[in-house]
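Observations on chain architecture
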Amino acid sequence: MSTDIKPRIAHYLSRFFPVHDLKDDDDIFQLGFVSSMFAMQLVAFVEHEFGITVENDDLELDHFRSVSALEAFVNRKLSAAVPQ
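Presented here is an overview of the structure given in this document. (Residues numbered from 1 in each chain as written. Predicted model: local features only at pLDDT ≥ 70, side-chain atom pairs only at ≥ 80, totals over all residues. Heavy atoms only, no water.)

We now examine the pattern of salt bridges. Going through the model one piece at a time under the given rule, you end up with seven salt bridges. The partner of R8 in a salt bridge is D4, with the nearest N and O atoms 3.2 Å apart. With a relative accessible area of 32%, D4 lands in the partly exposed category. Residue K6 pairs with D24 through a salt bridge whose shortest N-O separation is 3.0 Å. Linking K6 in helix α1 (residues 5–14) with D24 in the loop between α1 and α2 (36–50), this pair joins segments that are 18 residues apart in sequence. What makes K6 partly exposed here is its relative accessible area of 24%. (Salt bridge = Lys/Arg side-chain N within 4 Å of Asp/Glu carboxyl O. Buried < 20%, exposed > 50% of the residue type's maximum accessible area, 1.4 Å probe, protein only. Helix = DSSP H or I, 4+ residues; strand = E, 2+ residues; numbered from the N terminus.)

Encoded structure:
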């Protein structure tokens with residue numbers, strides 16, 4: 001899959017809070033960076049930026065909890081969208 005997913009996610013997050021010390025597996029919810037409104041913005045960003053649809057079944061915190069989790073989620077969605 002694309003290797004630019006993680007930097008694009010980090011760049012987006014950097015617009016809202018300092019990510020220079022954020023590790024890829026840091027829980028952005030636990031760190032207090034994410035409100036319910038921002039969580040919805042994050043879903044909209046993922047859909048728009050990567051051209052995927054986040055279904056109701058995808059709305060699990062574990063998919064959005066960290067940069068690494070977001071990257072893995074986007075990769076899974078993009079892989080599922082590729083015709084076999």
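Picking up where we left off.
Most often, soluble globular proteins keep nonpolar side chains buried together rather than apart. If you look at the biggest cluster of nonpolar residues, it comprises 23 residues, and the most contacted ones within it are I9, L13, L42, V46, F50 and F64. Broken down by secondary-structure element, the contributors of at least two residues to this core are α1, α2 and α4 (67–81). At seven residues, the largest contribution of residues to this core is made by α2. Ignoring anything within four residues of it in the chain, the contact list for F64 reads I28, F29, L42, V43, V46, V54, D58, L70 and F73. (Core = buried A, V, L, I, M, F, W, Y, C linked by side-chain atoms within 4.5 Å. Contact = heavy atoms within 4.5 Å.)

Okay, α1 next. Counting along an α-helix, one turn takes 3.6 residues, and residues three or four places apart therefore face a common direction. Within α1 the residues assigned to the buried category are I5, I9, Y12 and L13. Viewed along the axis of α1, the buried residues span an arc of 95°, placing them on a single side of the element. Buried residues along α1 sit in contact with α2 and α4. (Arc of directions from axis to C-beta.)

The subject of this paragraph is the side chain of E71. Of note, E71 is situated in helix α4. Here E71 falls in the buried class, since its relative accessible area comes to 17%. Excluding anything up to four places from it in sequence, E71 contacts I5, K6 and I9.

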